[in-house]
Amino acid sequence: MAFLEVQNFRKRFGDNEVLKGISFSLEKGEVLAIIGSSGGGKTTLLRCLNFLETPDEGTLSVGGRLLFDAAEKRTYTDAQIREKRLHFGLVFQQFNLFPQYTVYKNVALAQTLLAKRELREKKADLRAVCKAAPKEDRKRLKAEQKGIVADLRDGMQRRIADRTEGLLARVGLAEKRDAYPFELSGGQQQRVAIARALALEPDILCFDEPTSALDPELTGEVLKVIKGLKSSESTMIVVTHEMGFARSVADRVLFIADGVIEEEGTPEEVFDSPKSEKTRAFLQKSLEDVFA
């Protein structure tokens with residue numbers, strides 16, 4: 001069974017059907033590049049995968065576990081959707097950093113919020129144990145539990161600090177930890193966004209046109225970071241207009257047009273021997289734009 005399986009995703013906005021039965025699979029450690037013209041459904045597909053939009057039809061499985069079935073979507077609680085979203089990380093076209101926070105805090109924030117939630121749940125469990133205990137034991141238990149909570153909090157804070165510092169070093173921004181977004185170049189801001197997306201260790205990391213908001217001279221630094229993330233343990237989906245990048249980094253390529261997968265295969269199959277006339281026309285237009 002494939003690591004990621006998407007079956008028959010359909011999504012409508014009013015009378016406009018944007019996704020018209022998208023199905024594909026991806027093995028763990030593979031990089032999938034999704035290409036196509038604007039308006040074809042690429043971004044909507046990523047938003048559906050990340051539970052920012054809800055497909056009208058279809059199923060989604062990760063690691064052999066069914067995460068989403070449109071037939072049951074009305075039964076999902078907000079908490080369940082938040083939990084499912086943790087399987088995916090998304091890097092947006094626009095960096096979407098919090099301007100009031102430093103680089104370090106932007107990367108640490110989601111980890112901190114998740115840790116606080118886990119700590120609240122642990123406290124609730126400990127209170128329940130204390131409440132169920134005999135009265136003569138409760139004072140002792142409360143004192144013990146206070147130490148347990150303090151140790152948990154300290155351990156969480158150390159893990160968050162270690163992971164945040166490590167991610168900033170990984171994207172080449174360790175020296176910018178105390179800077180604010182307005183003090184960074186566009187390429188640096190996007191690298192912070194990549195580190196933030198990696199912070200919760202998602203199963204699948206998604207990029208939505210990660211260089212579209214950058215000047216050409218800054219594009220290379222971001223693409224270099226994404227290439228550096230490729231490993232047997234890192235599964236990625238990259239929506240991109242950079243054909244050279246898609247060809248060099250992807251294991252598989254999907255060409256989406258008008259809400260359907262028009263063509264899929266290895267980079268060599270799609271770029272060197274496209275079967276679809278739409279694919280050939282798109283690639284020719286992309287080549288003309290490069291040399292325009």
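I will try to describe carefully the structure that is included in this document. Owing to the predicted nature of the structure, the values given are computational and were not obtained by experimental measurement.

1. Describing the environment of Ala-246
Stage number 1. By the element assignment, Ala-246 lies in helix α7 (residues 243-249).
Stage number 2. The spatial distance from the C-alpha of Ala-246 to the C-alpha of Thr-164 is 28 Å, given a sequence separation of 82 residues.

2. Some details on the pattern of salt bridges
Stage number 1. For the coordinates displayed, the defined rule picks out 18 salt bridges.
Stage number 2. Linking Arg-140 and Glu-144 is a salt bridge whose minimum nitrogen-to-oxygen distance equals 3.1 Å. In this pair, Arg-140 and Glu-144 both sit in helix α4 (residues 135-170), 4 residues apart, roughly one turn of the helix.
Stage number 3. Among the residues examined, Arg-140 registers a relative accessible area of 44% and is labelled partly exposed.
Stage number 4. A single network of salt bridges, built from pairs that share partners, joins Arg-10, Arg-12, Glu-17, Asp-56, Glu-57 and Lys-73.

3. Brief notes about the packing of aromatic side chains
Stage number 1. Counted according to the given criterion, the structure contains 5 aromatic pairs.
Stage number 2. Joined through ring pairs, the aromatic side chains of Phe-51, Phe-68 and Tyr-76 make up one cluster.
Stage number 3. Sitting over the ring of Phe-13, Lys-11 keeps its end group 5.2 Å from the ring centre.
Stage number 4. Above the plane of the ring of Phe-3 lies Lys-28, whose end atom (NZ or CZ) is 4.6 Å from the centre.

4. As for the side chain of Gln-190
Stage number 1. For Gln-190, the position within the fold is in helix α5 (residues 186-198).
Stage number 2. Look at Gln-190 and you get buried, because its relative accessible area is 0%.
Stage number 3. Leaving out residues up to four positions away in the same chain, Gln-190 has contacts with Val-91, Phe-92, Gln-93, Phe-95, Pro-210 and Val-222.

5. What to know about the packing of helix α3 (residues 103-132) against α5
Stage number 1. Put simply, α3 and α5 touch, their axes get as near as 8 Å, and they point 25 degrees apart. Between α3 and α5, the crossing angle belongs to the class labelled roughly parallel. For the pair α3 and α5, the crossing hand works out as right-handed. Of the residues in α5, those in contact with Val-103, Asn-106 and Val-107 of α3 are Val-192, Ala-195 and Arg-196.
Stage number 2. Grouping the amino acids of the contact of α3 with α5 by side-chain chemistry returns 4 nonpolar, 1 polar and 1 charged.

6. Points about the pairing of strand β10 (residues 260-265)
Stage number 1. Taken together, the 5 bridges between strand β9 (residues 252-257) and β10 define a ladder with antiparallel strand orientation. Its bridge partner lying in β10, Val-253 is registered against Gly-265.
Stage number 2. Between the antiparallel neighbours β9 and β10 lie 2 residues, among them Asp-258 with a positive phi of about 55 degrees.

Parameters at a glance
- Numbering of residues begins from 1 in every chain and follows the order in which that chain's sequence is written.
- The model is predicted, so local features are restricted to residues of pLDDT at least 70 and side-chain atom pairs to those at 80 or more, both for listing and for counting; the totals for chains, interfaces and linings are taken over all residues.
- Excluding hydrogens and water, the side-chain figures rest on all heavy atoms present in the structure.
- Helix and strand assignments follow DSSP, with helices taken as H or I runs no shorter than four residues and strands as E runs no shorter than two, numbered in order from the N terminus.
- Just to be clear on terms, a salt bridge is a Lys or Arg side-chain nitrogen sitting within 4 Å of an Asp or Glu carboxyl oxygen.
- Only protein chains enter the accessibility calculation, which uses a 1.4 Å probe; a residue is then buried when its area is under 20% of its type maximum, exposed when over 50%, and partly exposed in between.
- Ring geometry is summarised as follows: Phe, Tyr and Trp rings, the Trp one being its six-membered ring, pair when their centres sit within 6.5 Å, and such pairs are stacked at plane angles under 30 degrees, edge-to-face over 60 and tilted between the two.
- Working rule: Lys NZ or Arg CZ, within 6 Å of ring centre, within 35 degrees of ring normal, means a charge sits over the ring.
- Contact definition: two residues touch when any of their heavy atoms are within 4.5 Å.
- In this analysis an axis means a line fitted to C-alpha atoms, helices contributing only their contacting stretch, and an angle means the value between N-to-C directions, from 0 to 180 degrees.
- We call two directions roughly parallel when the angle between them is under 35 degrees, roughly antiparallel when it is over 145, roughly perpendicular when it lies between 65 and 115, and oblique otherwise.
- Take the far helix as your reference; a near helix turned counterclockwise from it by less than a right angle gives a left-handed crossing, and one turned clockwise gives a right-handed crossing.
- Think of it as three bins: nonpolar holds Ala, Val, Leu, Ile, Met, Phe, Trp, Tyr, Cys and Pro, charged holds Asp, Glu, Lys and Arg, and polar takes everything else, Gly as well.
- In this scheme, strands are said to pair when DSSP sees at least two bridges between them.

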